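Examination of the molecular architecture
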Amino acid sequence: MATTLKAPTGAAPSLLHSKHASTHKEEVGTKHFSDELVTGHIYAKHRDDDSTKIDLPSYISVIENIITTADQIIDTVHRGTDGRLVHSDASLAFNVVIEPPLCTLHRISSELSCKAPGIEKAHETTLEIFEILANYPWEAKAALTLIAFAADYGDLWHLHHYSHADPLAKSLAIIKRVATLKKHLDSLRYRQVLLNPKSLIQSCLQAIKYMDEIREFSKYDVKELSELPAALRLIPLVTYWVIHTIVASRIELSSYLSETENQPQRYLNDLSEKMARVLDVLEKHLETLREQHEEVDLYRWLVDHIEHYRTDITLVVPKLLSGKTETKPLIDGSTLREVGIHESLSGKNVILVISGLDISEDDIKAIHNVYDELKSRGTNYEIVWIPIILESNHEDDHKKYEYLRSTMKWYSIQFTTKISGMRYLEEKWQLREDPLVVVLSPQSEVVFMNAIHLIRVWGTEAIDFKEDRAKFLLRKNWPDSTLVKFTHQPRLQSWIKQEKSILFYGGKEPMWIQQFEERVEILKSDPLIRDGGSFEIVRIGKNAKGEDDPALMARFWKIQWGYFIVKSQLIGSSASETTEDILRLISYQNEDGWVVLSVGSAPVLVGRGILILKLLEEFPKWKQSLRLKAFPDAFRDYFNELALKSHQCDRVILPGFSGYIPMIVNCPECPRFMETGISFKCCHGGAHM
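Basis of the calculations
Residues numbered from 1 in each chain as written. Predicted model: local features only at pLDDT ≥ 70, side-chain atom pairs only at ≥ 80, totals over all residues. Heavy atoms only, no water. Helix = DSSP H or I, 4+ residues; strand = E, 2+ residues; numbered from the N terminus. Buried < 20%, exposed > 50% of the residue type's maximum accessible area, 1.4 Å probe, protein only. Contact = heavy atoms within 4.5 Å. Areas by Shrake-Rupley, 256 points an atom, 1.4 Å probe, with all protein chains shown as cover. Expected span 1.5 Å × (residues − 1). Polar contact = N/O pair within 3.5 Å; in protein donor to acceptor, adjacent residues only side chain to side chain. Pairing = 2+ DSSP bridges. Axes fitted to C-alpha atoms, helices over the stretch in contact; angles between N-to-C directions. Parallel < 35°, antiparallel > 145°, perpendicular 65-115°, else oblique. Left-handed = near helix turned anticlockwise from the far one by under 90°. Nonpolar A, V, L, I, M, F, W, Y, C, P; charged D, E, K, R; others polar.

Going by the annotation in an unreviewed UniProt entry, the name recorded for the protein is Sieve element occlusion protein 1, with Cucurbita maxima given as the source organism.

Written as structure tokens, this is what we have:
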């Protein structure tokens, strides 16, 4: 901690810098007591030494008890009764035990006593006290100084309280001139220093409480409490001003007792303003720390009760949403009524649909189909939509939320810009831009981590969203799951049943599509093809009217990705025939053209458009092989020959899908692992949706 400490961002440039003074000398002195100067003085000789520790909470309790009891005695003086206090059972039961360093406290009391008024003497005395308390932590330095002050202050009023009935107390009160102190009780200056709830001494006590709370947070990792380092860096500077203020207050108190020169009023005013700013800055740090601490505790609770202990779903969902075991009612999309989480989800398997307000109509429609199928089967499932809405939401976000909610038959949470369990969603469930669909058992066990890909690829076939069901679906030929639904060829199913050779094709460049179709026609006119090597072609990406449909193609690629991710999650992303084929197709997403050759629905090869055109152009070079081989074998063998002669790097860019994404992927063209690049994106605290 050798660096100069500065006030946190957002605070005044100098937390405690005074610009005014009552005299020229005072003005010069105050003017130069900036945070930078103060920290320079502190760190010239002092460091955060915790070799001698104290039980700070107990010291705080003792200080509070002294000041509170003294104020009660003063209250009897104000009322003119000077009667004996009747203590409550609670106050009499006060049993906090401390073992104060008596000699050290005597030295501090000596430093506090009989000093000349003014900021320069207060500063000098503060540094002397720092020397005395060199082996104590910063906040302990402040607490020991305050307890030394409180001991002297409490002793004065304790003697006064018993002076009417105890000759010894009366004599000691005369020696300590308590009667002189009584004259000042109604003065604004006395209340500014002591009696007011916002007095200098009360502000010092509050600052020590805040520092103690900040230290309590230091047992957490700074990675979890990002506000902690800034708050801890502030403690030495706060300690200085607490002790400085105690010194000034003690000088003021001594002036009442000895009837000597008071502290300058402007100086006391400046100290009041400075301590108010100190408390304000500490409060802001603590407010953030408390929020971060709540987030950490909630995160740990969710990890324990979702991943390790079986916990009722009606406890987990509220904690995930609001951080509490109770939260606002859900909205039932079928009746538009508000319903409690316990009555609606108790004993149910729950499908959480977590998305931004940009969830696509295709995804909503697919989830609707699943919802209807679940209800028709009478299954024990419920769906809950959790919208992720930016804190700095636009005015139309509420309208968009209401519209989306109106399209959903299932449950929705009410409009909110704060989901308490966001850290868990982002770190454990890998929530990103894409919707996340998590299936939970009635005991909150994750049955399937991200079922959105199951739903996109297989729709209602994915029910009951278990790993065994997903593995069964993966055993089907992938063109069946990812290609055939994107064409309006009425004879396709017949060709698949006949196990005919089929060339599925598509691409971004219309010229490539045209060249491919022209060359296919040339092939089909050849006698060798007509006599036994016949094949069919099926265009991907046209709607029912025969027009190119970009929205259809966007959904097509999303489903290819979905299949790849599900397979990678369940079986692994290392090279396998299916994974290679689907990944190769994905890598051609931005190519001019591509082709998938299948026999029936069984894939034979996936080819880049430029090689496919070359293969068709060089048909005379390989057509004789059709006398010995079936069309798909001849086609594949010559394609492989061409592929060996050419080399083009493959590139696969993973979109911002939620859930687990494989980090090690085999190249679809060779057995090597693909190189991995990393990019970082920050939304400056906002949601990612």
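After that view, the rundown keeps rolling.
**Section: the overall build of the protein**
A tally of helices and strands in the protein yields 29 helices and 11 strands. With 689 residues in all, the protein has 51% of them scored as buried. The contacts of the protein with a sequence gap of at least 6 include a subset with a gap of at least 24, amounting to 72%. Working note: accessible area of the protein is about 33,300 Å², and carbon and sulfur atoms make up 50% of it.

**Overview of helix H25 (residues 550–571)**
For H25, spanning 22 residues, the distance from its first C-alpha to its last is 31 Å, which sits close to the expected 32 Å at 1.5 Å a residue. The residue sitting at the N-terminus of H25 and contributing the capping side-chain oxygen is Asp549; that oxygen lies 3.1 Å from the backbone nitrogen of Ala551.

**Some details on the sheet that holds strand S10 (residues 594–599)**
Overall, mixed pairing links the four strands, which are arranged S9-S8-S10-S11 in an open sheet. In this open sheet, the two edge strands, each paired with only one partner strand, are strand S9 (535–539) and strand S11 (602–608). In this sheet, neighbouring strand axes are inclined to one another by 20 degrees on average, regardless of whether the strands run parallel or antiparallel. Bridging between S10 and S11 involves six bridges; their strand directions are antiparallel. Looking across to S11, one finds that Val596 is bridged to Val606.

**A look at the sheet that holds strand S7 (residues 446–448)**
Spatial ordering of the open sheet is given by S2-S1-S5-S4-S3-S6-S7, a layout of seven strands whose pairing is mixed. At either margin of the open sheet sits one strand with a lone partner, and together these are strand S2 (338–339) and S7. The pairing of strand S6 (residues 436–440) with S7 spans two bridges and is classified as antiparallel. Each residue of the ladder has a partner; that of Val439, found in S7, is Phe448.

**Some thoughts on the packing of helix H27 (residues 609–617) against helix H29 (residues 631–645)**
Interhelical geometry of H27 versus H29 gives an angle of 120 degrees and a closest axis separation of 10 Å. The angle between H27 and H29 places the two elements in the oblique class. Seen from above, H27 lies across H29 with right-handed handedness. In this structure, H27 contributes Leu611, Ile612, Lys614, Leu615 and Leu616 to the contact, and H29 contributes Phe635, Tyr638, Phe639, Leu642 and Ala643. In terms of residue class, the contact of H27 with H29 is made up of nine nonpolar, no polar and one charged.

**Brief notes about the pairing of S10**
With five of its six residues buried, S10 lies for the most part within the structure. Alignment of strand S8 (residues 501–506) against S10, held across six bridges, turns out to be antiparallel. Within the sheet, the bridge partner assigned to Gly506 lies in S10 and is Trp594. Connecting the antiparallel pair S10 and S11 is a turn made up of two residues, with Gly600 showing a positive phi of about 65 degrees.

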